[in-house]
Amino acid sequence: MGFFDRLEHSLERAVNTAFAKTFKSGVQPVELTAALRREVDTKASVVARDRILVPNIFTVSMARADYDRMAAMGPTLLDELTRTLTAHASSQGYQFSGAIQITLEHSPDLSVGLLQVSSQSVAGAVRWRGVLDVNGRRYPLSSSRTVIGRGTDADITVDDSSISRKHVEILWDGQRAAANDLGSTNGTLLNGRKLTSAPLESGSTIELGATRVTFHLVPESAGA
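Worth saying up front: this structure is predicted, and the values here are computed from it rather than measured.

About the criteria used
- Residues numbered from 1 in each chain as written.
- Predicted model: local features only at pLDDT ≥ 70, side-chain atom pairs only at ≥ 80, totals over all residues.
- Heavy atoms only, no water.
- Helix = DSSP H or I, 4+ residues; strand = E, 2+ residues; numbered from the N terminus.
- Buried < 20%, exposed > 50% of the residue type's maximum accessible area, 1.4 Å probe, protein only.
- Salt bridge = Lys/Arg side-chain N within 4 Å of Asp/Glu carboxyl O.
- Phe/Tyr/Trp six-rings, centres within 6.5 Å; stacked < 30°, edge-to-face > 60°.

Engineer: How would you sum up unusual backbone geometry? Please name residues and give values.
Structural biologist: Unusually for a residue other than glycine, Asn-135 sits at a positive phi of about 50°. For Asn-135, the location among the structural elements is in the loop between strand E7 (128-134) and strand E8 (137-140). Judged by relative accessible area, Asn-135 falls into the partly exposed class, the value being 48%. Phi at Asn-191 is positive, roughly 50°, even though this residue is not glycine. Looking at the secondary structure, you find Asn-191 in the loop between strand E13 (189-190) and strand E14 (193-194).

Rendered as C-alpha cells:
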C-alpha cells in the first residue's frame, strides 16, 4: 500500500472514529467520505500539465432515515467531510474550481443504506489559508513573517532546548509560502534535506531539533 493509499485509509478511519458510534445501521459517514472521493476522482479533468480541475459543488442524496441521522450532526459533519475531501484533493494534486460546498438531501427513490453523489463545477476564486502544525498544534499564518524558536520573542515559542531562540522563519504572501533557516546552531531539515531557504508546498515537513512543523494550504471555507 502506497503513501497516499495509507493517507486515504487514515482519513476514513478518522471520520469513522468520530461518528460511527452514533449510527447503528444505514449509511455511515465514512461512506460519504468515500463517495465524495470517488466523485472527484471520476470527474477530475486534466487541463494542463500541472493543473487538474475537480468539481466543487456536491449534492449527496440518501433515504430519509439516513438523511435524518446525518443532518442531526449539523455543521460538524459537513466540516469533517470538507476537511477530508480537501486533504484527498491535495494528496492527488487536484484543484477545485471554487469554494467547496457539500449539501445533503433525502430522496424517496433510495433505500436505507444507499446514497448517490452528484457534482458540478462553479467557477470562483478560492481563497487559501496557510497553517502550520507544530507538534500537533495548529497555527494559522496571520502575518507575512512568522518566526519559530525557543525564545520568548519568537512568534511561535517551542519548548525544545535543541533549537535556537530564533530558529526558522516562515514567509507567507497570502498564496505562497517559503521557509528560511535563521542561522540556527543545529540546522533545519525540509522533507529530510538540509534547509537554507526554499519554497513550501502543502504537506511540507520541517524538522528543527525534536520539533516537527508541517505546512498546509486549506481553503477558507474549511477553516484552520
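Still more ground to cover, so stick around.
Engineer: How would you explain the pattern of salt bridges if you had to name every residue and give the values?
Structural biologist: Going through the model one piece at a time under the given rule, you end up with 9 salt bridges. One salt bridge in this structure joins Asp-153 and Lys-166, with 3.9 Å as the shortest N-O distance. Here Asp-153, found in the loop between strand E9 (145-149) and strand E10 (156-157), pairs with Lys-166, found in the loop between E10 and strand E11 (168-172); they are 13 residues apart in sequence, far enough to count as distant. Using a relative accessible area of 40% as the deciding quantity, one classes Lys-166 as partly exposed. Its salt-bridge partner being Arg-176, residue Asp-173 comes within 2.8 Å of it at the nearest N-O pair. Overall, the relative accessible area of 46% leaves Asp-173 in the partly exposed class.

Engineer: Go over the packing of aromatic side chains with me, naming the residues and quoting the values.
Structural biologist: Under the criterion given, the structure shown has 1 aromatic pair. Ring centres 6.2 Å apart and planes at 55° place the aromatic pair Trp-172 and Phe-215 in the tilted group. Pair noted here: Trp-172 is in strand E11 and Phe-215 is in strand E17 (residues 211-219), with a separation of 43 residues, a long-range link. Accessibility assignment for this pair places Trp-172 and Phe-215 in one class, buried.

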